[in-house]
Amino acid sequence: MKDEPAELREPDLPRTAKVRPRALRTGWTTGTCASAAAKAATTLLVTGIAPAVVEVGLPAGRRVEFVPERCEFVADGVAEAVVVKDAGDDPDVTHGAHITATVSWCSPAEESIQILGGPGVGVVTKPGLGLEVGGPAINHTPRRMIAAAVGEALPVGECQVRVVISVPEGERMARKTTNARLGILGGISILGTTGIVRPFSTESWRASVVQAVGVMAAQGESTIVLCTGGRTEAGAMSILPELPEVCFVEVGDFTGAALRRAVELGLRRVVFVGMAGKLTKLASGVMMTHYTKSKVDVGLLGRITRVVTNDESLVNAIDVANTGRHAYELWEEAGVLRACGDELCRRVQEVLVRFGASIAAELIDKEALVAEVAMVDFTGKRIVAATLEQWVS
């Protein structure tokens, strides 16, 4: 049976994301704070002197300084440092968390820099997060940042250390997140892809998206490329290298706001590039995808699976998938990622066109946008499905 067209919805922002009377501050991710704490503790372990300030690198190359809240030996050959997380003006439950790194020497036979989770850092219990089940919820980018920061503090030839990241009160903080639903138990996640917390979920961020569309239109461009984040931008630029950088807008949760402004300014074409989770929300008709206002409907992905494959065992597995990423991985394992992903992209395309047409109908002498959609893998660099066949690598 054919699905009915998705109801178009653009939920209002959560109360904590309303406009504020001053500019919003950026902050630091738990991953950045963990890397700074780890470097401080390693410096103390190596030199015997607690650093007053530590400098760490962010993924994009920028370097930033932190003042440890505490840095001391807690046992013979065991150093510990704490960096207090400042999330800026993002409504982040981990703001003020004491991100703690405990560093000690380990056997030369062991992994050069071991990164483990301690109390307050969640344990992964379900697939679909891109992390090892049973391991700590420390994502790949923070792991690389921690390893790089620790490596900077180690003398040449001495690189066998064990780093344990912990967060006092982390289990309590996690109760205010969706971690338990995702199968992350016992604490928070150590996250971050850029190292910086930007207030994505605020009215100011929506305003910045609208402004970016206006800047692009003012330069005479007619194609706008909406990317869900920094990682997806790489994939978007790979399929549209002919477009200038100004055409690429990091839209965050505000697809509806961006499309509305694009129609108002007479833009003719939109390309949306995203990962499975955001695409599933859009295919469900949700045009403002903040996590507090919408969730990934894996049932939709199950229905797509049934239409494309008619494989009921796979449909059943998708229907109970833990996350959009988990469903993506099940598609990939079954060899149907391209086919199901193409159908997901087609459904997003249909929603974007309908939403654009609904906005155009409210205005005078405005036309609906033509839309194309591409889905990237979880590195953001590879296009795995699209409404245009030639885009898929």
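Residues numbered from 1 in each chain as written. Predicted model: local features only at pLDDT ≥ 70, side-chain atom pairs only at ≥ 80, totals over all residues. Heavy atoms only, no water.

Asker: Looking at this structure, I do not really get the overall build of the chain. What am I missing?
Answerer: In terms of regular secondary structure, the chain is built from twelve helices and 18 strands. Taken across its 393 residues, the chain has 51% of its residues classed as buried. In the chain, 69% of the contacts between residues at least 6 apart in sequence involve partners at least 24 apart. A total accessible area of about 17400 Å² is found for the chain, and carbon and sulfur atoms account for 52% of it. (Helix = DSSP H or I, 4+ residues; strand = E, 2+ residues; numbered from the N terminus. Buried < 20%, exposed > 50% of the residue type's maximum accessible area, 1.4 Å probe, protein only. Contact = heavy atoms within 4.5 Å. Areas by Shrake-Rupley, 256 points an atom, 1.4 Å probe, with all protein chains shown as cover.)

Asker: What is the right way to read the sheet that holds strand S6 (residues 98-105) from this model?
Answerer: Strand pairing in a sheet relies on backbone hydrogen bonds. The paired strands run either parallel or antiparallel. Strand order in the open sheet formed by five strands is S4-S5-S6-S10-S7, with mixed pairing between adjacent strands. Each edge of the sheet is formed by a strand with only one pairing partner; in this case those strands are strand S4 (70-75) and strand S7 (113-117). Each strand axis lies, on average, 20° off the axis of its neighbour in the sheet, ignoring direction. Sitting on the sheet, helix H2 (residues 140-153) touches S7 and strand S10 (161-166), and the angle it makes with S7 is about 130°. (Pairing = 2+ DSSP bridges. Axes fitted to C-alpha atoms, helices over the stretch in contact; angles between N-to-C directions.)

Asker: Explanation requested: helix H1 (residues 30-47) in the structure shown.
Answerer: One turn of an α-helix holds 3.6 residues; hence residues three or four places apart share an orientation. The end-to-end C-alpha distance of H1 is 26 Å, a good match for the 26 Å that 18 residues give at a rise of 1.5 Å each. Burial analysis of H1 places 16 of its 18 residues in the buried class, the great majority of the element. Where H1 terminates, the next one or two residues include Gly-48, which has phi positive at roughly 80°. (Expected span 1.5 Å × (residues − 1).)

Asker: It is not clear to me how the environment of Ala-283 should be interpreted in this structure. Could you clarify?
Answerer: Locating Ala-283 in the fold gives a position in helix H8 (residues 276-283). On the accessibility criterion, Ala-283 (6% relative accessible area) is buried. Once residues lying within four places of it in the same chain are set aside, the contact partners of Ala-283 are Ala-6, Leu-300, Leu-344, Arg-347, Val-348 and Val-351.

Asker: Got a minute to help me understand the pairing of strand S3 (residues 63-66) in this structure?
Answerer: Every other side chain in a regular strand lies on the same face of the sheet, so the side chains alternate between the two faces. In S3, alternate side chains face the same way, and those of Val-64 and Phe-66 are buried while those of Arg-63 and Glu-65 on the opposite face are not. Hairpin geometry of strand S2 (residues 54-57) and S3 is characterised by an intervening segment of five residues between the two adjacent antiparallel strands and by a positive phi of about 110° at Gly-61.

Asker: How should I be thinking about helix H6 (residues 230-239) in this particular structure?
Answerer: Every buried residue of H6 is listed here: Thr-232, Gly-235, Ala-236 and Ile-239. Take H6 and look down its axis: the buried residues cluster within an arc of 100°, on one side only. Where the residues of H6 are buried, they touch strand S14 (223-227), strand S15 (248-250), strand S16 (269-274), strand S17 (370-376) and strand S18 (383-386). (Arc of directions from axis to C-beta.)

Asker: What am I meant to see in the packing of helix H7 (residues 255-264) against helix H12 (residues 337-362) here?
Answerer: Between two packed helices, the angle of one axis relative to the other and the distance separating the axes together describe the packing. It is at 9 Å that the axes of H7 and H12 come closest, and there the two elements cross at 50°. For the element pair H7 / H12, the angle class is oblique. As H7 runs across H12, the sense of the crossing is right-handed. Contact residues: H7 offers Thr-255, Gly-256, Leu-259, Arg-260 and Val-263, while H12 offers Leu-352, Phe-355, Gly-356, Ile-359 and Ala-360. Among the residues forming the contact of H7 with H12, the class breakdown is six nonpolar, three polar and one charged. (Parallel < 35°, antiparallel > 145°, perpendicular 65-115°, else oblique. Left-handed = near helix turned anticlockwise from the far one by under 90°. Nonpolar A, V, L, I, M, F, W, Y, C, P; charged D, E, K, R; others polar.)

Asker: What exactly am I supposed to notice about the sheet that holds S15 here?
Answerer: Pairing is mixed in the open sheet, where five strands are placed in the order S15-S14-S16-S17-S18. Strands with a single pairing partner mark the edges of an open sheet, and in this sheet they are S15 and S18. Averaged over all pairs of adjacent strands, the angle between strand axes in this sheet comes to 25°, irrespective of strand direction. As paired strands, S16 and S17 are joined by six bridges and run parallel to one another. Following the sheet pairing, Phe-272 is matched in S17 by Val-373.

Asker: Before we go on, may I ask you to explain the packing of helix H9 (residues 298-309) against helix H11 (residues 324-334) in this structure?
Answerer: In contact at an axis separation of 10 Å, H9 and H11 are set at 20° when each is read in the N-to-C sense. In terms of orientation, H9 lies roughly parallel with respect to H11. H11 is crossed by H9, and the crossing has right-handed handedness. Note on element contacts: H11 touches H9 through Gly-324, Ala-327 and Trp-331, opposite Leu-301, Ile-304 and Thr-305. Per-class residue counts for the contact of H9 with H11 are four nonpolar, two polar and no charged.

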